[in-house]
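# Descriptive structure summary
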Amino acid sequence: MNHLFLPEAEPVDVSVRGFARAHPGLVALHEDPLFVTALDTDPARRAGIVSGGGSGHEPLHAGYVGRGMLDAAVPGRIFASPHNRQVYEASRAVARDEGVLHIVKNYTGDRINFGIAAERLRADGIAVRRVLVDDDLATESDLTATGRRGTGATVIVEKLLGGAADSGLALDELAALGTAFCAASRSVAVAGRAQTSPSRGGEAFALREEEVEYGVGIHGERAARTITRPPFEELTERMTAQVLDALPDTRDGVVLLVNGLGATTQLELYAVHERIRYVLDKRGVPVVGQLVGTHVPALDMSGFSVTMTAMRPGWLGWWQAPSRTPAFPSQESQELNR
């Protein structure tokens, strides 16, 4: 059975058109090649910010286009990198006086296509810098040639960099900050059921009821090993401890993201959040920002990820800075959650 309700022809194109039609005051649609740009941006910005990646992770990235976050987002096919021409044209459309900053998740296709686009932009005289998001602890191994994957921390990095850009920082300053944000961020994800395969239908891989995939990727990549499902409290404490132990100093608090992988209910996510907050409180780790919901799914996978960013003096203001995008919570809700 195929659980995805998508048109057979050009599902991503149709979906992005629907997204733009649903948010006419926030984003502009460009179809040849496909990308979206923000209609309202802060004039204080000295460089544009562009991100993107495969579809199937919505609202990442297009949902974070707008004032306070991204200037443009470039969607690829399902679980596939955008073409370098898309990245190039989107970057040209939003470049400022100092150029453009690319936020790239650490996947081979994304790195290659954003890299080709950057070469073309530099040939046009447009300065480009790259921030590589690599937060996934499941791929932190000498056996992984590509290094840690980019996952849930992407949302936090996009928000922090958007706030920093609106404060008028230069391109090189933004690139250095972005690298620091990524170095201070780590994630881990688990799944109890695989995503639907877009090409053949049915679940992409099988798990027994008593099993959980610990360390799954956002494209449905399987973990190094499948484990027997621990009790809820044990599982959430293990994940929290793993992320915390991989972070640098947390004395200035953390931003916490509890993220659904597509088919996980809010009932479950808030239960996970409550348990993680209990563990963090017990360890004396302040939570200075938090986000709970489906922000970086893997189509309709049943599971969740936990991301934390260890904050530094001066960073919190960028997290709390005003933003207006289709998907990020409003400034009012952020104020109430401080």
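Under the annotation held in an unreviewed UniProt entry, the protein carries the name Dihydroxyacetone kinase and is attributed to Streptomyces corynorhini.

### Details of the sheet that holds strand β10 (residues 254-260)
Spatial ordering of the open sheet is given by β9-β8-β7-β12-β10-β11, a layout of six strands whose pairing is mixed. Strands at the two margins of the open sheet, each flanked by one partner only, are β9 (226-228) and β11 (287-293). Mean inter-strand twist for the sheet, computed between neighbouring axes without regard to direction, equals 20 degrees. As defined by bridge partners, strand β7 (residues 185-193) adjoins strand β8 (residues 211-214) across two bridges and the pair is classed as antiparallel. Each residue of the ladder has a partner; that of V190, found in β8, is Y214. Helix-sheet contacts for helix α4 (residues 153-166) involve β7, β10, β11 and β12 (302-310), and the interaxial angle to β12 is about 40 degrees. Contacting β7 and β12, helix α5 (residues 171-183) crosses the sheet at an angle of about 50 degrees to β7.

### Quick word on the packing of aromatic side chains
Per the stated rule, a full pass over the model turns up four aromatic pairs. For the pair W319 and F328, a centre-to-centre distance of 5.5 Å together with 80 degrees between the ring planes defines the contact as edge-to-face. You'll find W319 and F328 in the same group, each marked buried. In textbook terms, an aromatic cluster arises when at least three aromatic residues are bridged by ring pairs, as seen for Y64, W319 and F328. Its end group placed over the ring of Y88, R120 keeps NZ or CZ at 3.8 Å from the ring centre.

### Here's the deal with the nonpolar core
Of all hydrophobic cores here, the largest spans 73 residues; its most connected members are L161 and M308. Ranked by residue count, the leading element in this core is α4, at eight residues. Both domains that furnish three or more residues to this core are identified here as domain 1 (22-183) and domain 2 (185-311). Not counting chain neighbours up to four residues away, the residues in contact with M308 comprise A184, S185, R186, T240, V243, L244, L247, V254, V255, L256, I276 and L280. V94, V104, A117 and V128 belong to the second largest nonpolar core, which has 16 residues in total.

### So, the domain arrangement of the protein
Each assigned domain of the protein is listed here: domain 1 (22-183) and domain 2 (185-311). One C-alpha centre belongs to domain 1, the other to domain 2, and the line joining them spans 23 Å. Taken together, the two surfaces of domain 1 and domain 2 that pack against each other cover about 2,200 Å², and 63% of this comes from carbon and sulfur. Counting the surface domain 1 buries against domain 2, the share from its top three residues, F79, L137 and I156, is 27%. Between domain 1 and domain 2 we count zero salt bridges in total. On inspection of domain 1 and its partner domain 2, the count reaches twelve residue pairs in polar contact (both at pLDDT 80 or more). Taken together, the elements giving at least two residues each to the side of domain 1 that touches domain 2 come down to α4 and α5. A total of four residues in the side of domain 1 that touches domain 2 trace back to one element, the largest contributor, which is α4. Taken together, the residues of the side of domain 1 that touches domain 2 sort by class into 15 nonpolar, five polar and eight charged.

### Focus: the side chain of H102
The topology assignment puts H102 in strand β5 (residues 100-105). With a relative accessible area of 2%, H102 lands in the buried category. Here S91 takes part through its side chain, which lies 2.8 Å from a polar atom of the side chain of H102. In this structure, H102 is in contact with V50, V87, S91, F114, A118, L121, V128, R129, R130 and V131, ignoring residues within four places of it in sequence.

### Some details on unusual backbone geometry
Trans peptide bonds make up the majority, and among non-glycine residues the majority have a negative phi. Residue D32 is joined to P33 through a cis peptide bond whose omega torsion reads 5 degrees. Between L60 and H61 the backbone carries a cis peptide bond, its omega angle lying at 0 degrees. You can see H61 is positioned in the loop between β3 (48-55) and β4 (72-78). Residues other than glycine seldom take positive phi values, yet E10 does so here, at roughly 50 degrees.

### A word on the packing of helix α2 (residues 84-94) against helix α3 (residues 108-123)
Two elements in contact, α2 and α3, have axes separated by 8 Å at closest approach and are oriented at 45 degrees. In this view, α2 runs oblique relative to α3, as classed from their interaxial angle. Considering how the two elements wind past one another, α2 and α3 form a crossing that is right-handed. Across the interface between the two elements, N84, R85, V87, Y88, S91 and R92 of α2 pack against N113, F114, I116, A117, R120 and L121 of α3. Broken down by class, the residue content of the contact of α2 with α3 amounts to six nonpolar, three polar and three charged.

About the thresholds
Residues numbered from 1 in each chain as written. Predicted model: local features only at pLDDT ≥ 70, side-chain atom pairs only at ≥ 80, totals over all residues. Heavy atoms only, no water. Pairing = 2+ DSSP bridges. Helix = DSSP H or I, 4+ residues; strand = E, 2+ residues; numbered from the N terminus. Axes fitted to C-alpha atoms, helices over the stretch in contact; angles between N-to-C directions. Contact = heavy atoms within 4.5 Å. Phe/Tyr/Trp six-rings, centres within 6.5 Å; stacked < 30°, edge-to-face > 60°. Buried < 20%, exposed > 50% of the residue type's maximum accessible area, 1.4 Å probe, protein only. Lys NZ or Arg CZ within 6 Å of the ring centre and 35° of its normal. Core = buried A, V, L, I, M, F, W, Y, C linked by side-chain atoms within 4.5 Å. Domains from an automatic or database assignment. Buried area = accessible area lost by both parts, 1.4 Å probe. Salt bridge = Lys/Arg side-chain N within 4 Å of Asp/Glu carboxyl O. Polar contact = N/O pair within 3.5 Å; in protein donor to acceptor, adjacent residues only side chain to side chain. Nonpolar A, V, L, I, M, F, W, Y, C, P; charged D, E, K, R; others polar. Parallel < 35°, antiparallel > 145°, perpendicular 65-115°, else oblique. Left-handed = near helix turned anticlockwise from the far one by under 90°.

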